[in-house]
Amino acid sequence: MEWRRLTQPEEPAFGRAMALYEASFPRHEQRLPDEQRAVLSHPEYHFIQLFDGAEFVGLLLYWEAEDFRYVEHFCVRPELRGRRYGAKALEELGRDGKTVVLEIDPPVDDIDRRRQGFYQRCGFAVNPYPHVHPPYRPGYTGHQLVVMTGPEPWSRARWEDFSRFLRETVMADCNTEKK
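Since the model is a prediction, treat every value here as computed from it, not as a measurement. (Residues numbered from 1 in each chain as written. Predicted model: local features only at pLDDT ≥ 70, side-chain atom pairs only at ≥ 80, totals over all residues. Heavy atoms only, no water.)

Colleague: Explain helix H1 (residues 14-24) residue by residue, including any values.
Modeller: All buried positions along H1 are accounted for by Phe-14, Ala-17, Met-18, Leu-20 and Tyr-21. One face of H1 carries all of its buried residues, which in axial projection span an arc of 160°. Structurally, H1 contributes buried residues whose contacts are with strand S1 (2-6), helix H2 (33-39), strand S2 (45-52), strand S3 (55-64) and strand S4 (68-76). (Buried < 20%, exposed > 50% of the residue type's maximum accessible area, 1.4 Å probe, protein only. Helix = DSSP H or I, 4+ residues; strand = E, 2+ residues; numbered from the N terminus. Arc of directions from axis to C-beta. Contact = heavy atoms within 4.5 Å.)

This is how it looks when you write it as structure tokens:
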């Protein structure tokens, strides 16, 4: 699998990548388009397009912190799911042993339970700490999510470091004030 990092919104592939992003996540879980364009140049942010040969497979948008990688958004094109692209991308992301952290919806329905099972099969563990992700857009409130880490669950102190990184770095450019 090939990883191609986008750093400029003028790149021709950006439009296709954003179309998958917008189709894959609920509006309240998406950055505003201008904020997504602006964050591309952040040195810790990695907007990765996943390819199998010439075929565009999906997106892996993550942040590189000192001792972990935070997956902000991750999706595989719907017609390509079930071909292990997601598992391969996550395996590659954690190959050097650095902790990978991601968030999922609480497992309240079959889809959410299957998603949690997928991540557990990929070596992620559920962390027991209550977690509300801050809003990306004005007019929305934060939403409850479950934090998963691989290869092991975190201590409370490590989770608090992640929570601070999320608020102070990841969400720093999101203007949730009324516009």
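Colleague: Provide a residue-level description of helix H4 (residues 110-121), including the pertinent values.
Modeller: End to end, H4 covers 16 Å across 12 residues, agreeing with the expected 16 Å (1.5 Å per residue, within 8%). For H4, the secondary structure elements touched by its buried residues are S4, helix H3 (85-93), strand S5 (99-104), strand S6 (125-126) and strand S8 (143-150). N-capping of H4 is provided by Asp-109, with a side-chain oxygen placed 3.2 Å from the backbone N of Ile-111. Just downstream of H4, Gly-123 is the residue with a positive phi angle, here 95°. (Expected span 1.5 Å × (residues − 1). Polar contact = N/O pair within 3.5 Å; in protein donor to acceptor, adjacent residues only side chain to side chain.)

Colleague: Can you explain the packing of aromatic side chains? Please cite residues and give values.
Modeller: The tally for this structure, following the rule as stated, stands at 14 aromatic pairs. A centroid spacing of 6.5 Å and a plane angle of 75° characterise the contact between Trp-3 and Tyr-62, whose relative ring orientation is edge-to-face. Linking Trp-3 in strand S1 with Tyr-62 in strand S3, this pair joins segments that are 59 residues apart in sequence. The exposure class of Trp-3 is partly exposed, given its relative accessible area of 25%. The exposure class of Tyr-62 is buried, given its relative accessible area of 7%. Where Tyr-45 meets Trp-63, the ring centres are 4.9 Å apart and the plane angle is 50°; that geometry is what we call tilted. Taken together, the positions of Tyr-45 in strand S2 and Trp-63 in strand S3 put the pair 18 residues apart, joining distant regions of the chain. (Phe/Tyr/Trp six-rings, centres within 6.5 Å; stacked < 30°, edge-to-face > 60°.)

Colleague: Can you explain the nonpolar core? Please cite residues and give values.
Modeller: Judged by nonpolar contacts, the single largest core of 33 residues is most densely connected at Phe-47, Leu-59, Phe-68, Tyr-70 and Phe-162. When residues of this core are traced back to their parent elements, those giving at least two are H1, S2, S3, S4 and helix H5 (156-170). Discounting chain neighbours no more than four positions away, the residues touching Phe-47 are Arg-4, Arg-5, Leu-6, Phe-14, Ala-17, Met-18, Gln-36, Leu-40, Leu-59, Leu-60 and Leu-61. Counting 20 residues, the second largest nonpolar core, distinct from the first, contains Val-57, Tyr-62, Val-71 and Tyr-119. (Core = buried A, V, L, I, M, F, W, Y, C linked by side-chain atoms within 4.5 Å.)

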